[in-house]
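These are the residues of each chain, in order.
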Amino acid sequence: EPEVTQTPSHQVTQMGQEVILRCVPISNHLYFYWYRQILGQKVEFLVSFYNNEISEKSEIFDDQFSVERPDGSNFTLKIRSTKLEDSAMYFCASSEAAQGPPLHFGNGTRLTVT
Amino acid sequence: SQQGEEDPQALSIQEGENATMNCSYKTSINNLQWYRQNSGRGLVHLILIRSNEREKHSGRLRVTLDTSKKSSSLLITASRAADTASYFCALPNTGGFKTIFGAGTRLFVKA
């Protein structure tokens, strides 16, 4: 069964550094998402992406964050200048449509900012 | 946008017992979904129930939806230790492009 893959599985970075988290969504899916989960807390929506543009974003997704689909297969999340509070699991997801069909999640990237 | 609220926050049962988790929400929905998350892993979709459905089954899972009470329940029958995980209800944002997850119920099944 096709799956969403994320790399790296664990990223450690120093405060103020830029990080890029990578995802390969399921190939025939059209909608892409990033979520984050701070340890032990709820899964929070960051951004959705469709037709090469952001379709919706949360208040968490400020100017420090950006997303890109550079080559038709990868979907990336960039954090320009990381803060300690950015430490979390970041999950990529994809779906066939915006409403109804389930989201397919990757296994996440654990980001640790020191 | 709305978010489902799961109840209880945590549940500990013996293997073989049934586990029931509930989700309440505030505004009308097109569908409601349940996901499972094993520790340190991504979420896995379990079941979707549409607003015109009242009950749905998948293996040992039974989901009900009461739109008049704005609530849903997930029942896992004959639980196994491998069912130990967090379970989330999720609501697609009507007319939007996001699915919002509740805080989840942590289920622990003791062997």
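Refer to the structure presented above.
Small disclaimer: the values here were computed from a predicted structure and weren't measured.

## Some remarks on the sheet that holds strand E8 (residues 75–79) of chain A
Residue and element names in this part refer to chain A.
1) Next: An order of E1-E3-E8-E7 is seen for the 4 strands of this open sheet, with the pairing classed as antiparallel. Pairing within the sheet leaves two strands with one partner each, and these edge strands are strand E1 (5–7) and strand E7 (65–68). The mean inter-strand angle of the sheet, taken between neighbouring strand axes irrespective of direction, is 20°.
2) Next: In this sheet, strand E3 (residues 19–24) lies alongside E1 in antiparallel orientation, the contact comprising 3 bridges. In the sheet register, Gln 6 faces E3, and the bridge partner there is Cys 23.

## Focus: the interface of chain B and chain A
1) Next: Taken residue by residue, the interface counts 26 residues in chain B and 22 residues in chain A.
2) Next: A combined buried area of about 1900 Å² lies between chain B and chain A, and 51% of that area is made up of carbon and sulfur atoms.
3) Next: Linking chain B with chain A are 1 salt bridge, by the criterion used here.
4) Next: Between Glu 56 of chain A and Lys 98 of chain B there is a salt bridge; the shortest N-O distance is 3.6 Å.
5) Next: Across the contact surface, chain B and chain A share 6 residue pairs in polar contact (both at pLDDT 80 or more).

## With respect to the pattern of salt bridges
Residues and elements named next belong to chain B.
1) Next: What the rule picks out here adds up to 7 salt bridges over all chains.
2) Next: Note that Glu 5 is salt-bridged to Lys 26, the shortest N-O span being 3.6 Å. With Glu 5 in strand E1 (residues 5–7) and Lys 26 in the loop between strand E3 (19–24) and strand E4 (31–37), this residue pair connects regions lying 21 residues apart in the sequence.
3) Next: Lys 26 sits in the exposed class, given a relative accessible area of 61%.
4) Next: Between Arg 36 and Asp 83 there is a salt bridge, with the nearest N and O atoms lying 3.9 Å from each other.

## Describing the side chain of Ser 79 of chain B
Residues and elements named next belong to chain B.
1) Next: By secondary structure assignment, the location of Ser 79 is in the loop between strand E8 (71–76) and strand E9 (85–92).
2) Next: At 3.4 Å, the side chain of Ser 79 and the backbone oxygen of Gln 14 are in polar contact.
3) Next: Setting aside its immediate chain neighbours within four residues, Ser 79 contacts Ile 13, Gln 14, Glu 15, Gly 16, Glu 17, Arg 60 and Val 109.

## Some words on unusual backbone geometry
What is expected of a backbone is that most residues other than glycine have negative phi and most peptide bonds are trans.
1) Next: Of the consecutive residues Thr 7 of chain A and Pro 8 of chain A, the connecting peptide bond is found in the cis state with omega at -10°.
2) Next: Counting through the fold element by element, Pro 8 of chain A comes out in the loop between E1 and strand E2 (10–13).
3) Next: For the bond running from Asp 7 of chain B to Pro 8 of chain B, omega is 0°, close enough to zero to count as cis.
4) Next: Examined against the element boundaries, Pro 8 of chain B turns out to sit in the loop between E1 and strand E2 (10–14).
5) Next: Even without being a glycine, Asn 51 of chain A presents a positive backbone phi close to 55°.
6) Next: Using a relative accessible area of 59% as the deciding quantity, one classes Asn 51 of chain A as exposed.

## Re the pairing of strand E9 (residues 88–95) of chain A
All names here are of chain A.
1) Next: The buried count for E9 comes to 8 of 8 residues, which makes it a mostly enclosed element.
2) Next: Neither face of E9 is exposed, since Ala 88, Tyr 90, Cys 92 and Ser 94 on one face and Met 89, Phe 91, Ala 93 and Ser 95 on the opposite face are all buried.
3) Next: Direction of pairing for strand E4 (residues 31–37) relative to E9: antiparallel, over a ladder of 7 bridges. Bridge pairing in E9 places Phe 32 opposite Ser 94.
4) Next: Two elements, E9 and strand E11 (residues 109–113), share 3 bridges in a ladder whose sense is antiparallel.

Rules and cut-offs
- Residues numbered from 1 in each chain as written.
- Chains lettered and ligands numbered in written order.
- Predicted model: local features only at pLDDT ≥ 70, side-chain atom pairs only at ≥ 80, totals over all residues.
- Heavy atoms only, no water.
- Pairing = 2+ DSSP bridges.
- Helix = DSSP H or I, 4+ residues; strand = E, 2+ residues; numbered from the N terminus.
- Axes fitted to C-alpha atoms, helices over the stretch in contact; angles between N-to-C directions.
- Contact = heavy atoms within 4.5 Å.
- Buried area = accessible area lost by both parts, 1.4 Å probe.
- Salt bridge = Lys/Arg side-chain N within 4 Å of Asp/Glu carboxyl O.
- Polar contact = N/O pair within 3.5 Å; in protein donor to acceptor, adjacent residues only side chain to side chain.
- Buried < 20%, exposed > 50% of the residue type's maximum accessible area, 1.4 Å probe, protein only.

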